[in-house]
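Take a look at the letters that make up each chain.
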Amino acid sequence: MPRFNLLADIARYCAEKPCTIPEAMLDYELAQKRLTREEILKALDKTLSVMENAVEQGLRQLMITKSGMLNNWAKRVFECSVSTLGLPLQKAIARALAVSEVNACMGKIVAAPTAGSSGIMPATLVTMREERNISREKLIEGLLVSSAVGLIFAKNSSFAGSEAGCMGETGSAAAMAAATITYLLGGTVEQTFEAAGIALKGAMGLVCDPVAGLVEEPCAIRNAIGVANAFTSAQIALAGVKSLIPPDEVIFATKEVGDLMSPRLKESALGGLANTKTAREIQKKVFRSDE
Ligand code: SF4
């Protein structure tokens, strides 16, 4: 049975068997769960469908949260006539916002790895499908690659905003997405995991400071930035640039940084953006309207 505690363990398994990262993760899943290969792939196909539907829903339906903080941002970005760096990135950002809005409006999303960070992986996969004509079969392999990074991050750090801040949520999602993009564009195992490490370095120390304690602001924005982080990190890794700190050590560092972070900056809505004058006024209004 494969024992994966580090990204390096998965890389070694891939080299020794030899196999790809998706095959290694399928071996892992088969050993962990009493499911057949077909059942696992079917579940992943369903996961992908939920992600795709959430992107569509966020871009097509009216998306105004009960608090009013999020108000059809995704559509506005998708349709904006000014593009900073071209349409593909613009659309990827809009898709991440779309799923964040669906989540905040209580729609169906995939926590990947959390509800707060649920926009990054769907935006990545749909953008790869649209821009690179990646097949469904390959996108499912991409999900398995993301699961490799997610597994190791969960073992050695934390997905919880209350433990590792937003670094643990949108940071880890960006790392999962960066690895996925790198794999789908033909990166080696080393480059794929390198991309994850680079994305995490970009999110190191990111605090969790949701306004009024709701997963809306700055959460949606951080999903948008997270998908940009993923494409940036994959680009660097695919060029063969190696970061000085190995990805497993970057993950260990996120654990240390999360432990050092003040509880005021870990989902308590006591510090950071949540503690600004405007955020406090919004909070009062939201809770008054709930009474
Ligand atoms: S700011 Fe906090 S609640 Fe919002 S996405 Fe980040 S970790 Fe989640």
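What counts and what doesn't
- Residues numbered from 1 in each chain as written.
- Predicted model: local features only at pLDDT ≥ 70, side-chain atom pairs only at ≥ 80, totals over all residues.
- Helix = DSSP H or I, 4+ residues; strand = E, 2+ residues; numbered from the N terminus.
- Buried ≥ 20, exposed ≤ 12 C-beta atoms within 10 Å, placed from the backbone.
- Contact = placed C-beta atoms within 7 Å.
- Core = buried A, V, L, I, M, F, W, Y, C linked by C-beta atoms within 7 Å.
- Near = placed C-beta within 6 Å.
- Nonpolar A, V, L, I, M, F, W, Y, C, P; charged D, E, K, R; others polar.

A word on the overall build of the protein. Scanning the protein from terminus to terminus reveals 12 helices and 0 strands. In the protein, the order of α-helices and β-strands from amino to carboxyl end is α-α-α-α-α-α-α-α-α-α-α-α. Dimensions of the protein, computed from the C-alpha atoms along their principal axes, are close to 60 × 40 × 40 Å. When the 291 residues of the protein are sorted by exposure, 51% land in the buried category. Sequence separation of 24 or more characterises 77% of the internal contacts of the protein that already satisfy a separation of 6 or more.

Bringing the nonpolar core into the picture now. Counting 91 residues, the largest nonpolar core has Ala 178 and Val 227 as its most contacted members. With 13 residues, helix α8 (residues 161-184) is the single largest residue contributor to this core. Beyond its immediate sequence surroundings of up to four residues, Val 227 is in contact with Ala 92, Ile 93, Ala 96, Ile 120, Ala 123, Thr 124 and Ala 177.

Another point: the environment of Lys 108. In this fold, Lys 108 is placed in the loop between α5 (87-104) and α6 (120-132). Residue classification places Lys 108 among the exposed residues on the basis of 10 C-beta atoms within 10 Å. For the pair Lys 108 and Ile 120, spaced 12 residues apart in the sequence, the C-alpha separation amounts to 15 Å. Apart from residues lying up to four places away in sequence, Lys 108 is in contact with Val 50 and Ala 54.

Taken together, the neighbourhood of the ligand is formed by 14 residues, with Gly 116, Gly 161, Cys 166, Cys 208 and Cys 219 sitting nearest. For the shell around the ligand, the elements supplying multiple residues, two or more each, are α8 and α10 (219-238). Looking at the shell around the ligand residue by residue, the classes come out as 6 nonpolar, 4 polar and 4 charged.

Attention now goes to unusual backbone geometry. Working note: non-glycine residues mostly have negative phi, and peptide bonds are mostly trans. Along the chain, Lys 17 connects to Pro 18 via a cis peptide bond; the corresponding omega equals -15°. Relative to the elements of secondary structure, Pro 18 occurs in the loop between α1 (7-16) and α2 (21-32). The residue Asn 72 is not glycine, and still its phi comes out positive at about 55°. Its place among the elements puts Asn 72 in the loop between α3 (37-60) and α4 (73-79). Although it is not a glycine, Glu 267 sits at a positive phi angle of roughly 70°. With respect to the helices, strands and loops of the structure, Glu 267 is situated in the loop between α11 (247-260) and α12 (277-290).

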